[in-house]
Amino acid sequence: MSLAANLRTRLSRAPASIIIMAGLLGAFVLMALFAPLLAPFDPARQSLIQRLRPPGHTTAQGLTYLMGTDDLGRDLMSRVIHGARASMLVAVASVSVSLLIGSALGMLAGWRRGWVEVAIMRFVDIMLSIPAILLAVLAVAVVGPGFQTLILVLGLTRWPRYARVAYAQTLQVATLPYIRAAELAGARGPRLLLRHILPNIAGPLLVVATAEFGLMILFEASLSFLGLGIQPPTPSWGTILSAGRQYLERAWWLTAFPGACLFLLVLSVNVLGDWLRDHLDPRSRPRG
Amino acid sequence: MSGVVLDVRDAAVHFRSRGGFLRKAAPPLKAVDGVSLAIAPGETLGLVGESGCGKSTLANAILGLVPLTGGRIEVAGRAVDSADRVSLSAIRSDAQMVFQDPALSLNPRLSIGAAIGEPLLVRGLATGQALRDRVASLLKAVGLEPDHASRFPHAFSGGQRQRIVIARALALQPKLVICDEPVSALDVSVRAQILNLLVDLQRERGMSYLFVSHDLSVVRHIADRVAVMYLGRIVETASMSVLFGKPRHPYTQALLAAAPEPDPVRQRAKPRRVLDGELPSPANLPPGCAFSSRCPLASDLCRSERPTLSARPDGASVACHHAEE
């Protein structure tokens, strides 16, 4: 049974909550992909007469703002739809970068031991002790703000968490007899790490990655808030949220809608991540 | 010596605890100290001793998984050097290992076909259909269905998993298979099956076994010769019948006395021999005979001078000052 076919049979037996969450995540991905087609307005077009209109407001020209407008009279719904692109792209890219770096270094430290272990794990400690915001400000000062800077800053500051998990898991797995058996079979270096160790430590790493996914969207928001991330007028959920914060008492919709989207996206990723971890394990195959 | 599959001469494995910052280096732990033994083609040598006596360390040293501190080990005429990758690779195609716990010696994420075929694949000896054919014939040889190759280890019972591990060990057609407690993690009901399988495979393929165990009743079933190990040294070697019929070393006698008899009448009639004293730490051995702290025959000589292995007319060797002739 191939992995894809196996996953398909599992998905057909998955509980309703998983189906709903998968549908939700799929909807967000489609929304981000087809944002220009779905958005009713240009997300950057301002209209100072239509500032802070409540959801469902219809103008004299017959235009309806389903989610209302922001402080510059831009259509909130269009901005939320377009914002999904930046937020999800930043989250996916930075989680990928940090997962790659962190698990590679963690596995290397756990496998090679000796001075490699000391060097990598002390570096991890150093990285963890530097405030991420400080590093971000430094990086932005050197490279300038922007999309790539944001991904690099997040990717290069968040990897120590993966490295810690990968390191601890590798230490545990490396002493098991099947790793010794693989060595006796003649497997070495990359083959041993990728084929024998990585699949057996992937579960915990996946859980860290899904937890980090939500955090990355929030980090993007706070960095953008500081002016270090996504630059206006490009919308992201983070920038919409931080701008809406100032109008919390007067215009609840500015934070409620992107906040709800953020909540649902992070929830679906976390629930699906847990489910995937349980079901990628061959020991828990579907019966029959 | 030519024609010997395994030749261990005066092998020693000492583990040094590294002294670190503000920490004094402890004396080395002598896990294996001055062990010599040889195995002829097609022979089964049982290596027995209580846990912590260095049996598994010796097994690991033979495969180069642990560096030797002293002495020399030759597998099929080739010296084992744990630092030399090229020669290690050759040695590991002549000597393979069957581990104690079959639940832990198979990668749970690898199909059993991939696990059995890995030694062949990694060495470039077979790929594609040829590899699948080899795996199928290995599965058949250990009494499993060839079309089980795509299943994962969790789908098999403990006994079946140990068959898979044996198939993997046989993939390279080794001259020596080191069995490190191969049945002690199995149910008693499947032990005999696995032991019989090992005997059958040896008859068909003619390889030698180094059979490491703490269980004399298991060794009795399979071994031609037995070496008894105590705290890193061999205290007695003899052929199976001599060792069980006329154990000479007091430690061997105590081991045999401790093994339960299936017949309760004989069990009750058996002289009881309980060892007193503590097992000394292998990091801090007494100067004389290592067994002197627990030996009923220990004299001042034993506590000051270490006995060496001396040969007896019936082929046995004993390291004891007081062993009866």
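Because the structure is predicted, anything quoted here is derived from the model rather than measured.

Draft legend 1. Expanded view of unusual backbone geometry. Residue and element names in this part refer to chain B. For Asp 10, which is not glycine, the phi torsion reads 55 degrees and is therefore positive. By the element assignment, Asp 10 lies in strand E1 (residues 6-15). Backbone geometry at Leu 231 places phi at a positive 45 degrees, although glycine is not the residue there. Mapped onto the fold, Leu 231 is located in the loop between strand E9 (225-230) and strand E10 (233-239).

Draft legend 2. Region of interest: the packing of aromatic side chains. Residue and element names in this part refer to chain A. Taken as a whole and assessed by the stated rule, the structure comprises seven aromatic pairs over all chains. Relative to Trp 237, the ring of Phe 28 has its centre 5.7 Å away and its plane inclined at 70 degrees; by these criteria the two rings are edge-to-face. Residue Phe 28 is found in helix H2 (residues 16-33), and its partner Trp 237 is found in helix H10 (residues 237-244); the two are separated by 209 residues along the sequence. Relative accessible area serves as the criterion here: at 6%, Phe 28 is assigned to the buried category.

Draft legend 3. Region of interest: empty space enclosed by the protein. Per the counting criterion, the structure on display carries two cavities of 30 Å³ or more. A volume near 60 Å³ is recorded for the largest cavity. Forming the boundary of the largest cavity are His 249, Cys 289, Phe 291, Ser 292, Cys 295, Leu 297, Cys 302, Pro 307, Cys 320, His 321 and His 322 of chain B. Per-class residue counts for the lining of the largest cavity are seven nonpolar, four polar and no charged. By volume, the second largest cavity amounts to about 40 Å³. Every residue along the wall of the second largest cavity is listed here: Ala 132, Ile 133, Ala 136, Val 153, Leu 154, Thr 157, Phe 219 and Leu 223 of chain A. Counting only elements with at least two residues in the lining of the second largest cavity, the list comes to helix H6 (132-143), helix H7 (147-174) and helix H9 (189-225) of chain A. Considered class by class, the residues forming the lining of the second largest cavity number seven nonpolar, one polar and no charged.

Draft legend 4. Expanded view of the side chain of Asp 180 of chain B. All names here are of chain B. Note on placement: Asp 180 falls in strand E7 (residues 176-180). A polar contact is formed between the side chain of Asp 180 and the side chain of Ser 56, at a distance of 3.1 Å. Once residues lying within four places of it in the same chain are set aside, the contact partners of Asp 180 are Ser 56, Met 97, Val 98, Phe 99, Gln 100 and Val 212.

Draft legend 5. View of the interface of chain B and chain A. At the junction of the two partners, chain B supplies 24 residues and chain A supplies 22 residues. Summed over both sides, the interface of chain B with chain A buries roughly 2300 Å², with 60% coming from carbon and sulfur. Summed over the shared surface of chain B and chain A, the result is one salt bridge. When the shortest N-O distance is used, the salt bridge between Glu 118 of chain B and Arg 191 of chain A registers 2.9 Å. Along the contact surface separating chain B from chain A lie 11 residue pairs in polar contact (both at pLDDT 80 or more). For the side of chain B that touches chain A, the elements supplying multiple residues, two or more each, are helix H2 (85-94), strand E6 (95-98) and helix H3 (112-122) of chain B.

The rules behind these values
- Residues numbered from 1 in each chain as written.
- Chains lettered and ligands numbered in written order.
- Predicted model: local features only at pLDDT ≥ 70, side-chain atom pairs only at ≥ 80, totals over all residues.
- Heavy atoms only, no water.
- Helix = DSSP H or I, 4+ residues; strand = E, 2+ residues; numbered from the N terminus.
- Phe/Tyr/Trp six-rings, centres within 6.5 Å; stacked < 30°, edge-to-face > 60°.
- Buried < 20%, exposed > 50% of the residue type's maximum accessible area, 1.4 Å probe, protein only.
- 1 Å grid on protein atoms, 1.4 Å probe; cavity = no way out; pocket = protein on both sides within 12 Å on 5 of 7 lines; lining within 4 Å.
- Points joined across faces, edges and corners; volume = space filled by probe spheres on them.
- Nonpolar A, V, L, I, M, F, W, Y, C, P; charged D, E, K, R; others polar.
- Polar contact = N/O pair within 3.5 Å; in protein donor to acceptor, adjacent residues only side chain to side chain.
- Contact = heavy atoms within 4.5 Å.
- Buried area = accessible area lost by both parts, 1.4 Å probe.
- Salt bridge = Lys/Arg side-chain N within 4 Å of Asp/Glu carboxyl O.

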